[in-house]
Amino acid sequence: MKKGRFGFLSGFGHAILRHSSACYSTSVRPFPSYSPRKPSIADSEFVQYVTTTIKQRRLERLSRVLSRYERKFRPDHLIWILSNIRSDYKLVLDFFKWACLHREPSLEACCIVIQIAVASKDPTMARGLIYDFWAKPNLDVPHAYSCFVDRLIYTYKDWGSDPHVFDLFFEVLVQVGMLDEAKKFFEKMLNYGLVISADSCSLLLSRLSGNKGGLKDAILVFHEFLESGVYWNCSSYNVIIHAFCRLGKVREAHHLLVQMELRGCMPDVVSYSTVTDGYCRAGELRTVLRLLEEMHCKGLKPNAFTYNGIVALMCNTGNVTEVEKVLREMIRQKITPDKVVYTTAINGFCRCGNVAAAIKLFEKMRSERVLPDFIAYTAIIYGHCQSGQMIEAAKLFQEMGDRGLAPDEVTYTALIDGYCKAGELSRAFSLHNEMIEIGLTPNVVTYTALTDGLCKQGEVDTANELLHEACSKGLELNIWTYNALINGLCKAGNIQQAVEIMEDLEVAGLHPDVITYTTLMDAYCKSGDMDKACNLLREMLGRGLQPTVVTFNVLMNGFCVTGMLEDGERLLKWMLEKGILPNSMTYNSLMKQYCIRNNMRAATELYKGMCALGVMPDSNTYNILVKGHSKARNMKEASYLHKEMVQKGFKLTVSSYNAIIRGFLKRKKYVEANKLFEGMRKEGLVPDKEIYDFFLDRNFDEGNMEMALKLCDETVEK
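Residues numbered from 1 in each chain as written. Predicted model: local features only at pLDDT ≥ 70, side-chain atom pairs only at ≥ 80, totals over all residues. Heavy atoms only, no water.

> Mind laying out the overall build of the chain, listing which residues take part and the relevant values?
The helix and strand tally for the chain stands at 39 helices and two strands. Looking at the chain residue by residue over its 718 residues, the buried ones come to 48%. Taking the contacts inside the chain whose residues are at least 6 apart along the sequence as the reference set, 63% of them involve residues at least 24 apart. Carbon and sulfur atoms make up 52% of the accessible area of the chain, which totals about 36,000 Å². Taking the average location of the 87 positive side-chain charges in the chain and that of its 83 negative ones, the two points are 8 Å from each other. (Helix = DSSP H or I, 4+ residues; strand = E, 2+ residues; numbered from the N terminus. Buried < 20%, exposed > 50% of the residue type's maximum accessible area, 1.4 Å probe, protein only. Contact = heavy atoms within 4.5 Å. Areas by Shrake-Rupley, 256 points an atom, 1.4 Å probe, with all protein chains shown as cover. Lys, Arg positive; Asp, Glu negative; His and termini not counted. Charge placed at Lys NZ, Arg CZ, Asp CG, Glu CD.)

Structural data, given as structure tokens:
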């Protein structure tokens, strides 16, 4: 268990675990009775003395009260003492916190505290303890799962007897991604006559259906759990209805909509809207209209999502004249069209050539304070370009940038096509170059527009050169386009395909450049394949290409992340010998690893070396060093670096603040720690719970009740 984590502020959804009413086996297995190892006479005396002491001196800090017994304290003592104080929940937490700081508690002891916490209506604490267990590194998951479940069941009967604990354990399994174990746990609890609550099981459905590959599994679990006695709620049904629709099985979704009502669970507007959207995508407008009538009869009011599917269907079928009627009907029902509805309608009007209607709707959208997104801007820009209104299109493009909305390939292509049609080729090619520079890849439509524009200006030779770029897929890409494609493939994890494309460059008469190699090297580094990354560097140098500092930073980060620190050091030395000046990012990668390994002498020497070369430390440099020195309790160095970074306008991150405050507290430098604590709060940053607790206790001890209460309020709020 992680030391220092004690007290959790996250909320908890109250789920009800029901006893199974179905017969899952011939007999229900009883929960075992708890029978701990009995203490010796000496242990009994020690346990009794500690119990009496902490009860009588409960207002004092346990670290002070029990300081002389720390060496005698063993994990077994924890369980025996918990047994004596189990009725005093606050004392249980205080003592468990103290015990965790001195000895890692056994899994059995953790389960006992989890049981007590749930029985005391503190699921947040219980959840945190379960999370901490699964956060341990290098766990043998099958063995750990088996042990945890056994101990949780073993301690249930005598320490808590609140079945909610099993809901909680199930939820954490789902949230940490242990979905198979969650299903096994559900089945195991059936043997004890208990069914995990619908709210908890719904988390599993949501997690499974989060990606398309898990949709069928979610549907299977839904039916299996239903047969096992889970009373699914409306939200659960909606998840599965949506899963069916995503799989293109809208009729199955509709059938489930009917079945849920027969099972006593009334569909809501989300249930109906999901099914209507599925039918809209299938082009079945009549069925959609029947479902809308059914909603009306049941008193369910359609929402913007419901109507968006209808608007999209009408636009796709060319029935744009009906869109205005739908929008008027929405307003009549006092349903405000949202961004998606407006955008869908605007796009539909533009595609059918009714630009005037699209512009009118766009202005209506803004007057209703519905902020257009980049899709809405792209649609209306396309409309202006098609009607030759390039000044208006350019203004909207500028407005997009001013609002921080990033245009995509479609946006750029619409403008390029518009400028080509208007004969403004220089502007068109300027936009073409601009989209490449930001990593966007021109498509067939882009090149077609440029070729068309060139031909209309009589620049046939240039057009032929552009067309010569056509490849086997109909596109002849330049090196920038290939690099963008290679970069996209690498980020998607398709490194082999990216390599094949780089090899195809030779066939196309193009040659990989520094960016090509750096992109692939970065992908290999991130996948941990440093041999291939280094081979690419050798190949690059063999071709006479000069790597940039970005290339070396990619390698440096790869060496450091994969634990090849010595290779990173050799790379830095080689760069300096070759006259290649590293930047702060180069040094930061090495420094971070030195700090992780607690080699602060090496980190400090590296810092001095970079400064001597005139490489200016950045915010990340200082935060790395402050955290490293603080964790090593070199508080003079940490304090000096903090002052220096503040003078340069840099700020500590949350983790750096927490580290330096802890460092001062461990050195008993309470004044310095408090100053940083106050500074952190003034910046709106939230310290760790442990730090809040320390200053809360300290203010109480010093009688500073006003500040103590203020900190208490902040703890609750945050």
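Picking up where we left off.
> Let's hear about the nonpolar core: which residues, and what values?
Residues Phe-95, Trp-134, Phe-148, Phe-166, Phe-169, Phe-170 and Phe-185 are the most contacted members of the largest nonpolar core, which totals 154 residues. For this core, the element with the most residues is helix α5 (residues 107-119), which contributes ten residues. Counting 68 residues, the second largest nonpolar core, distinct from the first, contains Leu-590, Leu-625, Ile-660 and Phe-695. (Core = buried A, V, L, I, M, F, W, Y, C linked by side-chain atoms within 4.5 Å.)

> Tell me what's going on with a positive patch on the surface, and back it up with residues and numbers.
On the surface, Arg-633, Lys-636, Lys-666, Arg-667 and Lys-669 cluster together into a patch of positive charge. Note on placement: Arg-667 falls in the loop between α36 (654-666) and α37 (670-682). In this structure Arg-667 comes out as partly exposed when scored by relative accessible area, which is 46%. (Patch = residues over 30% accessible without salt bridge, like charges linked within 9 Å, V, L, I, M, F, W, Y side chains within 5 Å. Salt bridge = Lys/Arg side-chain N within 4 Å of Asp/Glu carboxyl O.)

> Can you tell me about helix α29 (residues 530-542), naming the residues and giving the values?
When the terminal C-alpha atoms of α29 are compared, their 18 Å separation across 13 residues agrees well with the 18 Å that a helix rising 1.5 Å per residue should span. Those residues of α29 that fall on the buried side of the exposure criterion are Met-530, Ala-533, Cys-534, Leu-536, Leu-537 and Met-540. Along the axis of α29, the buried residues cluster in a sector spanning 155 degrees; they form a single face. Pointing more than 90 degrees away from the buried face of α29 are the exposed residues Asp-531, Arg-538 and Gly-542. Along its buried surface, α29 packs onto α27 (495-507), α28 (514-526) and α30 (549-561). Just past α29, the residue Gly-544 takes up positive phi, approximately 85 degrees. (Expected span 1.5 Å × (residues − 1). Arc of directions from axis to C-beta.)

> How would you explain the side chain of Thr-518 if you had to name every residue and give the values?
Here Thr-518 lies in helix α28. Engagement of the side chain of Thr-518 in a polar contact is seen with the backbone oxygen of Val-514, the distance being 2.8 Å. In contact with Thr-518, other than residues within four places in its own chain, are Val-550, Thr-551 and Val-554. (Polar contact = N/O pair within 3.5 Å; in protein donor to acceptor, adjacent residues only side chain to side chain.)

> Any chance you could break down the packing of helix α16 (residues 304-316) against helix α17 (residues 321-332) for me, citing the residues and the numbers?
Taken N-terminus to C-terminus, the directions of α16 and α17 make an angle of 170 degrees; their axes are 9 Å apart at the nearest point. Put simply, α16 runs roughly antiparallel to α17. Where α16 approaches α17, its residues Ala-304, Tyr-307, Ile-310, Val-311, Met-314 and Cys-315 are matched on the opposing element by Glu-322, Val-323, Val-326, Glu-329 and Met-330. The residue inventory of the contact of α16 with α17, partitioned by class, reads nine nonpolar, no polar and two charged. (Axes fitted to C-alpha atoms, helices over the stretch in contact; angles between N-to-C directions. Parallel < 35°, antiparallel > 145°, perpendicular 65-115°, else oblique. Nonpolar A, V, L, I, M, F, W, Y, C, P; charged D, E, K, R; others polar.)

> Before we move on, could you go through the pattern of salt bridges and cite the residues and values that matter?
The full count for this structure, using the stated rule, is 30 salt bridges. Taking the shortest distance from any N to any O, the salt bridge between Lys-526 and Asp-522 comes out at 3.1 Å. Of this pair, Lys-526 and Asp-522 both sit in helix α28, separated by four residues, roughly a single helical turn. By relative accessible area, which is 23% here, Asp-522 ends up partly exposed. A salt bridge links Glu-678 to Arg-681; its shortest N-O distance comes to 2.6 Å. Placement of both Glu-678 and Arg-681 in helix α37 is noted, with a separation of three residues, approximately one turn of the helix. Through salt bridges with shared partners, a single network forms among Glu-261, Glu-294 and Lys-298.

> Give a detailed account of the state of the cysteines, specifying residues and quantitative values.
Tallied over the full model, the rule gives zero disulfides. Free cysteine: Cys-385, not disulfide-bonded; nearest cysteine sulfur from Cys-350 at 10 Å. In this structure Cys-611 is a free cysteine whose sulfur lies 14 Å from that of Cys-595, the closest cysteine sulfur available. Since its relative accessible area comes to 35%, Cys-611 is described here as partly exposed. (Disulfide = S-S within 2.5 Å.)

> Any details on the packing of aromatic side chains? Residues and values, ideally.
Enumeration over the complete set of coordinates arrives at 30 aromatic pairs. Between the aromatic rings of Tyr-34 and Trp-159, the centroid separation amounts to 5.8 Å while the plane-to-plane angle is 80 degrees, which identifies the pairing as edge-to-face. Of this pair, Tyr-34 sits in the loop between β1 (18-19) and α1 (41-56) while Trp-159 sits in helix α7 (residues 141-159), and the two are 125 residues apart along the sequence. You can call Trp-159 buried: its relative accessible area is 5%. Ring centres 5.2 Å apart and planes at 90 degrees place the aromatic pair Phe-694 and Phe-695 in the edge-to-face group. Phe-695 carries the same exposure label as Phe-694, and that label is buried. Within the aromatic cluster, the residues linked to one another by ring pairs are Phe-31, Phe-133, Trp-134, Phe-148, Tyr-156, Phe-166, Phe-169, Phe-185 and Tyr-192. One residue, Arg-86, lies across the ring of Trp-159, its end atom 4.4 Å from the ring centre. (Phe/Tyr/Trp six-rings, centres within 6.5 Å; stacked < 30°, edge-to-face > 60°. Lys NZ or Arg CZ within 6 Å of the ring centre and 35° of its normal.)

Take it as geometry only, folks, not as evidence of what the structure does.
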